[in-house]
Amino acid sequence: MPRSLPPCTRDERGVALIMTLLLAFLVAAIAIGAIMMSGNNVLVSRYHAREAGLQSAADAGLEIGRDSLNRNPGMLPATGDTVLALNQPVRDAQNQIIPGYTRSIYAGRTGGRTGGLGSAGQYGLNLASVVSVISDPRGAVAARRLLLTQSSWSQFAVAVNSWTGGPVY
């Protein structure tokens, strides 16, 4: 006599369909997760590239400020700061304007080497700071600061205690 199966095990017509759907949902969830992770990597890479561009443009602004002060050291006020550039367009290495980027450059006296007034040698207030601020259309801002020291041309002179004559070249 053949053995009969219990009634609950004979009626399994929809189990394969449910298992297939669950497996399809699982594979879809894994695929969506992978797509989301790769999309996030692209966004992070773009952010880092934009940050590097902002920092480079800010560094270029520091060099513009340093060059301006080297050409005209009298432009520094005794107190406060001076604006060398205010919301000027930023140019790239090929002298093309970068759309939406603006640069402001400020310069001012910083004080003595210990941060206070004077006490920095024969020139008194011989430290200056240049600050370059870059902003982009999305509102990101990069600010860089450069500390400059005033040096004397006497560093290139010859120190002599006794002079016996003759030309010095």
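Nothing here was measured: the structure is a model prediction, and the numbers come from that model.

Remarks on the pairing of strand 2 (residues 97-109)
Of the strand pairs in this sheet, strand 1 (residues 81-91) and strand 2 are connected by seven bridges, and their pairing is antiparallel. The partner of Gln88 across the bridge, within strand 2, is Arg103. Between strand 1 and strand 2, which pair antiparallel one after the other, the connecting turn spans five residues, and Asn95 there sits at a positive phi close to 65 degrees. Pairing geometry for strand 2 and strand 3 (residues 127-135), over eight bridges, is antiparallel. Directly across from Ser104, in strand 3, lies its bridge partner Val133.

Some points on the pattern of salt bridges
This structure, assessed with the given rule, holds four salt bridges. Across the pair Asp136 and Arg50 runs a salt bridge, and its minimum N-O distance is 3.0 Å. Taken together, the positions of Asp136 in the loop between strand 3 and strand 4 (141-149) and Arg50 in helix 2 (residues 15-71) put the pair 86 residues apart, joining distant regions of the chain. A relative accessible area of 7% means that Asp136 is categorised as buried. Look at Arg50 and you get partly exposed, because its relative accessible area is 26%. A salt bridge links Arg144 to Asp59, with the nearest nitrogen and oxygen atoms 2.9 Å apart. Taken together, the positions of Arg144 in strand 4 and Asp59 in helix 2 put the pair 85 residues apart, joining distant regions of the chain. The exposure class of Asp59 is partly exposed, given its relative accessible area of 31%.

Considerations on the pairing of strand 4
One face of the sheet, then the other: side chains in a regular strand alternate in exactly this way. With nine bridges joining them, strand 3 and strand 4 adopt antiparallel strand pairing. Residue Ser129 lies in a different strand from strand 4, and its bridge partner there is Leu147. The antiparallel hairpin formed by strand 3 and strand 4 contains five residues in its connecting segment, where Gly139 sits at a positive phi of about 100 degrees.

Cut-offs applied
Residues numbered from 1 in each chain as written. Predicted model: local features only at pLDDT ≥ 70, side-chain atom pairs only at ≥ 80, totals over all residues. Heavy atoms only, no water. Pairing = 2+ DSSP bridges. Helix = DSSP H or I, 4+ residues; strand = E, 2+ residues; numbered from the N terminus. Salt bridge = Lys/Arg side-chain N within 4 Å of Asp/Glu carboxyl O. Buried < 20%, exposed > 50% of the residue type's maximum accessible area, 1.4 Å probe, protein only.

Nothing here speaks to function; it is geometry throughout.
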